[in-house]
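Structural description and commentary
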There are 2 protein chains.
Amino acid sequence: MYLETINSPADVKKLSVEQMNELCGEIRQTLLKKLSAHGGHFGPNFGIVEATVALHYVFNSPEDKIVFDVSHQSYVHKMLTGRKDAFLNPALYDEVSGYSEVKESPHDFFTIGHTSTSVSLAGGLVKGRDLQGGTGNVIAVIGDGSLSGGEALEGLDFAAELGTNFIIVVNDNQMSIAENHGGLYANLKALRQSKGKEPLNLFRAMGLDYTYVDEGNNVEALIEAFQKVKDIDHPIVVHINTLKGKGYAPAEKDKEQWHYCAPFDPEATLRAIGETQKERQEIPEDYAAQTAEYLIKRMREDPRIVAIASGTPAPTGFLPERRARAGKQFVDVGIAEEHAVALASGIAAAGAKPVYGVLSTFIQRSYDQLSQDLCINNNPALLLVYWGSLSSMNDVTHTCFFDIPLICNIPNMVYLAPTCKEEYFAMLEWGLQEREHPVAIRVPFGKMTYSDEPVETDYSQLNRYKVAHRGSRVAVLGLGSFFGLGQAVCALLKEKAGIDATLINPRYITGVDKKLLASLEVDHQLVVTLEDGVIDGGFGEKIARHYGTSDMKVLVYGAKKEFADRYNVKEFLRQNRLTDGQIAEDIMKILGL
Amino acid sequence: MYLETINSPADVKKLSVEQMNELCGEIRQTLLKKLSAHGGHFGPNFGIVEATVALHYVFNSPEDKIVFDVSHQSYVHKMLTGRKDAFLNPALYDEVSGYSEVKESPHDFFTIGHTSTSVSLAGGLVKGRDLQGGTGNVIAVIGDGSLSGGEALEGLDFAAELGTNFIIVVNDNQMSIAENHGGLYANLKALRQSKGKEPLNLFRAMGLDYTYVDEGNNVEALIEAFQKVKDIDHPIVVHINTLKGKGYAPAEKDKEQWHYCAPFDPEATLRAIGETQKERQEIPEDYAAQTAEYLIKRMREDPRIVAIASGTPAPTGFLPERRARAGKQFVDVGIAEEHAVALASGIAAAGAKPVYGVLSTFIQRSYDQLSQDLCINNNPALLLVYWGSLSSMNDVTHTCFFDIPLICNIPNMVYLAPTCKEEYFAMLEWGLQEREHPVAIRVPFGKMTYSDEPVETDYSQLNRYKVAHRGSRVAVLGLGSFFGLGQAVCALLKEKAGIDATLINPRYITGVDKKLLASLEVDHQLVVTLEDGVIDGGFGEKIARHYGTSDMKVLVYGAKKEFADRYNVKEFLRQNRLTDGQIAEDIMKILGL
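Here is what the cut-offs are and how they apply
- Residue numbers restart at each chain and count upward from 1, following the sequence in its written direction.
- Going through the entries in the order they are written, you letter the chains from A and number the ligands from 1.
- Where totals are concerned, whole chains, interfaces and linings use all residues; where local detail is concerned, this predicted model gives features only for residues with pLDDT of at least 70, and gives and counts side-chain atom pairs only at 80 or more.
- No hydrogens and no water enter the side-chain calculation; it runs on all heavy atoms of the structure.
- Counting from the N terminus, the helices are the DSSP runs of H or I reaching at least four residues and the strands are the DSSP runs of E reaching at least two.
- Using C-alpha atoms as the atom set, the radius of gyration is obtained and then compared with a globule rule of 2.2 Å times the number of residues to the power 0.38.
- Note on exposure labels: buried denotes an accessible area under 20% of the residue type's maximum, exposed denotes more than 50%, and partly exposed covers the range between, all computed with a 1.4 Å probe on protein chains only.
- Contact between two residues is taken to exist if any of their heavy atoms lie within 4.5 Å; hydrogens are not considered.
- Reported accessibility uses the Shrake-Rupley method at a 1.4 Å probe radius. Residues are deemed covered only where the shown protein chains occlude them.
- Residues scored as charged are limited to Lys and Arg (positive) and Asp and Glu (negative), so that His and the chain ends carry no count.
- For this purpose, a charge sits on NZ of Lys, CZ of Arg, CG of Asp or CD of Glu.
- Buried area is a sum: the accessible area each of two parts loses on coming together, probed at 1.4 Å, counted once for each and added.
- We define a salt bridge as a contact between a side-chain nitrogen of Lys or Arg and a carboxyl oxygen of Asp or Glu at a distance within 4 Å.
- Here a polar contact is recorded for every N or O atom pair within 3.5 Å, except that within protein the pair must consist of a potential hydrogen donor and a potential acceptor, and residues adjacent in sequence are included only if both atoms are side-chain atoms.
- Amino acid classes used here: Ala, Val, Leu, Ile, Met, Phe, Trp, Tyr, Cys and Pro are nonpolar; Asp, Glu, Lys and Arg are charged; the rest, including Gly, are polar.
- Here, any two strands with at least 2 DSSP bridges between them count as paired.
- To obtain an axis, a line is fitted to C-alpha atoms, over the contacting stretch when the element is a helix, and the angle between two such axes runs from 0 to 180 degrees between their N-to-C directions.
- Superposing the copies works by least squares over the C-alpha atoms of residues that have pLDDT at least 70 in both of them.
- When two rings of Phe, Tyr or Trp (its six-membered ring) have centres within 6.5 Å they constitute a pair, described as stacked for plane angles under 30 degrees, edge-to-face for angles over 60, and tilted for the intermediate range.
- The arc in question is the one spanned by the directions pointing from the helix axis to the C-beta atoms.
- Cavity and pocket criteria rest on a 1 Å grid covering protein atoms alone: a 1.4 Å probe that fits but cannot get out defines a cavity, protein on both sides within 12 Å along at least 5 of 7 lines defines an open pocket, and an atom within 4 Å of a point defines a lining residue.
- Grid points are joined across faces, edges and corners, and a volume is the space filled by probe spheres set on the points.

Notes on the overall build of chain A
The helix and strand tally for chain A stands at 25 helices and 18 strands. Relative to the compact-globule value of 25 Å for 593 residues, chain A shows a C-alpha radius of gyration of 26 Å, a close match. Once the C-alpha set of chain A is aligned to its principal axes, its extents read approximately 80 × 55 × 50 Å. Counting across all 593 residues of chain A, residues that qualify as buried make up 66%. The contacts in chain A between residues at least 6 apart in sequence include a share of 76% that link residues at least 24 apart. Total accessible area on chain A is roughly 20100 Å²; 48% of this is exposed by carbon and sulfur atoms. Computing the positive centroid from 59 side-chain charges and the negative centroid from 77, chain A places the two 2 Å apart.

So, in structure tokens, the structure goes:
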């Protein structure tokens, strides 16, 4: 097996084209074995095998610097740069992250997870090299839907001005996570169809030189192209035509589903190709599916409702079949979160009702649009923020726990934190009807929870917290998905210290219920806030400030401000003293019990 | 005077071309009179007079909806839509804002101040119209450097997919605030030179139809072009070639200086054209000029230092002459703040030292890049955040008081708040040397202040606050530009209540000096925090949280969370109880004095 002999890119350079072709096969087998056992980004890596081998054959990493956009397609790069064992040896599968990672290897230059960043970051390497009279090629590898992101387009536009060695490989696999959206992809198609000869050329229009490789999964063709541009004295785009998922039939067939995979049985999956998918009778009991179905039902009643996604429709419940059912009342803008928020504001200004579903980690890409385009204009768009939780994605670039400070400090925004299915859908329906303010809902993460308690249908009188149980001495504010933790803490306080604690569901992240908080001062000594996110800039600090000049003690719980990577959720919660036992213990200590 | 008869666009439609040409002359005279007395955006409005008249002649606002990007060029639009008196009558000059404003007129659809938003916002109006089976044209007017912003490029890319009536007027005045940057502007030039016939066409490459108007300051030509695209059934770009500052010779000559003007004497200014500018002997005693000079000096000693601007070089001290002196060690990326941050991260990763100067209101456009591209990678770029203050710009879209919550809650970032010139330059020099962390400095706003106190040169041991005076009972934490307010409060406390208050200069916005705060508990009852920004998510709340379970009382001062527009600074500070007298009064009340 050639792969076993590859300890660095130098070992790739020793191979003949034929041997590299064999290596590519081994790489795919290795990927299939690991990803079927472990899960991971499937299609992007299967599509970029040959290009990665050819890059390392032609260029001299790390003197030549390759920067992968999103970097979920850097598995092959890792295999070729001293990290093959983390793919070959199941015991070592978790030794490498799923993204490029500076700490792992001198061949990785940035920790990257969000899209559309590579051209700008690599442009910085170019400028830094030139300032210091350095040498070596800088190569950005971008594609897989990332081109439509504003940062990528800003970077491409600026690249021309660098006027020096800079190679931008556009890995055109014709897909984003879902299908591509945006006019520029029609231009890529025209370029593919004309084998790069189409005179109308987005990249040239941005001032860049351009070359095209039709066989983007052919090592020999790629080597030839890369050799031609190596050591070039100006910026150039190398547009390569690749097949996402190449080499595994199910992934070639359903590219969206195979963008990322959970563990699976490769043989059974292969056999199942062509079988008619059984129609699902029931809507799965999860927030995304139920939300999308609810919205589609409401769309039929109200033509003004339109769901918006920005490149990640599936996690918001809009799988292809539902997108088809929603028709013109569903819009995927592609990876373009800034545009999504502004578009939503415009749609709301026109009197219709946009519902933008977005993951917590990606709403970060729209702060200025939330503030300027949406909230200053106070347009009643509805945002559904998914996966906002410490228990959600745990790659450092994809953690979902900064959305509370990001959103809740913007004036005019109403950010709601439902605690269970019933409350969530009541808030969702209210959000659909609301005409006064932009509303965001932090969709609970994980399994649905339920409640028999009646829920309100009208949330227009802002910042009213709900007292779930009125006790005394201690009041626990369990925000959104941490309401259950609050219940557990209260139960422990009762059990261990006989304290009948007050339990409150704040519901509104964006404001303080001053009247209720004042009423607690009569017979409470301690208020405890629990939020499923980072503490700094968040909800609890506002409660602490409110009580700053009173005698009330305040204990604020959440994650401390740090970038956490691939953490074990249970351990992470424990480190942040976020278990019911730890919290109850802290409370009793403060009360002197 | 025709202008006096224009009460709505209907009155424009009554005029002949000849009369409209006269109207244009009147508009320019009116603008000259108002802006020379009042100040405002000069060049952008002088350049777009004819286009605005033609738009209102051809289209039927507000049924047809015109959305101006940045909207600092909407003065003429305001004159033609019932707001002429705010330009003709000096007593009413302040009756209208300098931007499009929903509250002023049904002809304004959004409150807009940041760039690059119009295509997405107008795209929302298009989608909202179509969902409801509405009619009417939607027109976005973009230009003046805004095209290079990521949101605009995302919006253009998406516009093609709308597939219905949408007119995007690209007002190509060949300028940003400073000169244009980015490869796409070379394409605009080629399009101008070929009278729109150049086959390489950025807009077509993004899937949009395209037409060109060479005489963008000719009413008749514009009317003809707009009539052709009126009621079109698909998205189209109308590229118009205009002259920024047209009609006032000094503004045509020095477009950057005349982008915005303070009040001036129009006759004297005209006479002065062609006179050799006297060489300035001294560097003005302001933070921007002194910073740029300092950086240029340091660039000569260290080729790795590079200053970055994103379309607003002048407010960061980089006037054209200094840009020329800095040479390759100065980069203006154009309006592309996301790219600027990522570029800085890349340059730092390459071992050089980027210094990105940016206004507080615009750093908002880069949250995800600050978090992902810069801080996760912990690259030692240096950011200089200018104008961060409640006393800075007061248009709602340009307020500069959200940068503290935006920046200070991002892990790894070190955000420093110097209190005077000496401390600022010590921090700046330290920031240039720092290799461990990204550093941002909140450059003090307004007149320089000075101090005789020795300042530290090394800030690498993080989160150490400096005790300026050790007293007892009350401790005042005066952050950055509010340190002077802290001094005044302490003086008042001494004078009025005989309290010898402790005064602290926190220096570090991003962290809490736990040891120092703990030491205050011995002989202090009250800690007061003062920050020159919004309270929510900011510095003071962290201090309140720190003391949450202690007996220390905490009073947090700053602006309350709201969008404030065109406020009187003194009045605004008073409303937020931010005068020394109010704060001293509050303190004495809490202490029962």
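That shown, we press on.
Quick look at unusual backbone geometry
Residue and element names in this part refer to chain A. Omega for the bond connecting S61 with P62 falls within 30 degrees of zero, at 5°, which places this linkage in the cis form. Looking at the element boundaries, P62 is found in the loop between helix 4 (49-58) and strand 2 (65-68). Despite not being glycine, N412 shows a phi value in the positive range, around 75°. Inspection of the secondary structure assignment puts N412 in the loop between helix 19 (403-408) and strand 12 (414-416). Judged by its relative accessible area of 28%, N412 is partly exposed. Unlike most non-glycine residues, R566 shows phi in positive territory, near 40°. Within the fold, R566 resides in the loop between strand 18 (553-559) and helix 24 (569-575). Owing to a relative accessible area of 33%, R566 belongs among the partly exposed residues under this scheme.

Regarding the interface of chain A and chain B
With 105 residues of chain A in contact, the opposing surface of chain B contributes 105 residues. Between chain A and chain B, a total of about 8400 Å² is buried, with carbon and sulfur atoms accounting for 59% of that surface. Among the residues of chain A in contact with chain B, E154, R545 and F563 of chain A are the three that bury the most area, contributing 9% of the side total. Seen at the junction of chain A and chain B, the total is twelve salt bridges. Here chain A and chain B share 51 residue pairs in polar contact (both at pLDDT 80 or more) between them. Residue composition of the side of chain A that touches chain B, grouped by class: 43 nonpolar, 39 polar and 23 charged.

Notes on the sheet that holds strand 3 (residues 138-143) of chain B
Residues and elements named next belong to chain B. The strand order across the open sheet built from five strands is 2-3-4-6-5, with neighbouring strands paired in parallel fashion. For this open sheet the edge positions go to strand 2 (65-68) and strand 5 (209-213), each flanked by a neighbour on one side alone. The sheet shows a mean angle of 20° between the axes of neighbouring strands, direction not considered. In terms of strand pairing, strand 4 (residues 166-172) meets strand 6 (residues 235-241) through seven bridges, oriented parallel. Bridge pairing links I168 to V237 in strand 6. Across the sheet, helix 7 (residues 118-131) lies against strand 2, strand 3 and strand 4, angled at about 175° from strand 3, the strand it touches most. With respect to the sheet, helix 8 (residues 150-162) is in contact with strand 3, strand 4 and strand 6, its orientation differing from that of strand 4 by roughly 145°.

Some points on the pattern of salt bridges
The full count for this structure, using the stated rule, is 74 salt bridges over all chains. A salt bridge links K542 of chain A to E541 of chain B, with the shortest nitrogen-to-oxygen separation between them at 3.3 Å. Of the two residues, K542 of chain A sits in helix 23 (residues 539-546) while E541 of chain B sits in helix 23 (residues 539-546), which places them in two different chains. Take K542 of chain A: its relative accessible area is 3%, and that puts it in the buried class. With its nearest N and O atoms 3.7 Å apart, the salt bridge here joins K84 of chain B to D85 of chain B. Judged by its relative accessible area of 40%, D85 of chain B is partly exposed. One continuous salt-bridge network, built from bridges that share partners, spans K78, R83, E104 and D108 of chain A.

Focus: the relation of the copies chain A and chain B
By a simple turn and slide, chain A fits onto chain B: the slide is 0.0 Å along the axis, the RMSD is 0.0 Å, and the turn is 180°. The two molecules are tied by a two-fold rotation axis, judged by turn and shift. An overlap of 100% is found between the interface residues of chain A and their copies at the interface of chain B, pointing to a shared contact surface.

Brief notes about the packing of aromatic side chains
Per the stated rule, a full pass over the model turns up 44 aromatic pairs over all chains. Ring centres 6.0 Å apart and planes at 10° place the aromatic pair F203 of chain A and Y210 of chain A in the stacked group. Y210 of chain A matches F203 of chain A in its accessibility class, with the two residues each being buried. Seen in terms of ring centroids, F42 of chain B and F46 of chain B are 4.1 Å apart; in terms of plane orientation they differ by 5°. Their pairing is stacked. Exposure class is identical for F42 of chain B and F46 of chain B. Each is buried.

Remarks on helix 18 (residues 367-376) of chain A
An α-helix turns once every 3.6 residues. As a result, residues three or four positions apart point the same way. Buried residues dominate helix 18 of chain A, accounting for ten of its ten residues. Regarding helix 18 of chain A, the residues found buried are Y367, D368, Q369, L370, S371, Q372, D373, L374, C375 and I376 of chain A.

Description of the sheet that holds strand 11 (residues 382-386) of chain A
Residue and element names in this part refer to chain A. Pairing is parallel across the open sheet formed by six strands, whose spatial order is 9-8-10-11-13-12. Every interior strand has two partners, whereas the edge strands, strand 9 (330-332) and strand 12, have only one. Along the sheet, successive strands turn relative to each other by an average axial angle of 20°, direction set aside. Relative to strand 13 (residues 439-442), strand 11 runs parallel, the two sharing four bridges. Pairing of V385 across the sheet is with R442, part of strand 13. Across the face of the sheet, helix 14 (residues 287-301) comes into contact with strand 8 (305-309), strand 10 (353-359) and strand 11 while running at roughly 160° to strand 11.

Digging into the side chain of N171 of chain A
Note that N171 of chain A resides in strand 4 (residues 166-172). In this structure the side chain of N171 of chain A is engaged in a polar contact, spanning 2.7 Å, whose partner is the side chain of T242 of chain A.

Focus: helix 11 (residues 219-229) of chain B
All names here are of chain B. All of the buried residues in helix 11 are V219, L222, I223, A225, F226 and V229. When helix 11 is viewed along its axis, its buried side chains cluster within an angular range of 165° and face the same direction. On its buried face, helix 11 is in contact with helix 2 (17-38), helix 4 (49-58), strand 4, strand 5 and strand 6. With a side-chain oxygen lying 2.8 Å from the backbone nitrogen of E220, the N-terminal cap of helix 11 falls on N218. Looking one or two residues past helix 11, D231 carries a phi angle of roughly 65°, positive in sign.

What about the packing of helix 2 (residues 17-38) of chain A against helix 11 (residues 219-229) of chain A?
Residue and element names in this part refer to chain A. The geometry of helix 2 relative to helix 11 is characterised by a closest axis approach of 10 Å and an angle of 115° between their N-to-C directions. Note on element contacts: helix 11 touches helix 2 through V219, E220 and I223, opposite V17, M20, N21 and C24. Looking at the contact of helix 2 with helix 11, its residues break down into five nonpolar, one polar and one charged.

Some thoughts on empty space enclosed by the protein
In the structure shown here, the tally under the stated rule is 15 cavities of 30 Å³ or more. Quantified by volume, the largest cavity comes out at close to 110 Å³. Those elements that place two or more of their residues in the lining of the largest cavity are helix 19 of chain A together with helix 19 (403-408) of chain B. Residues of the lining of the largest cavity, tallied by class, amount to eight nonpolar, two polar and no charged.

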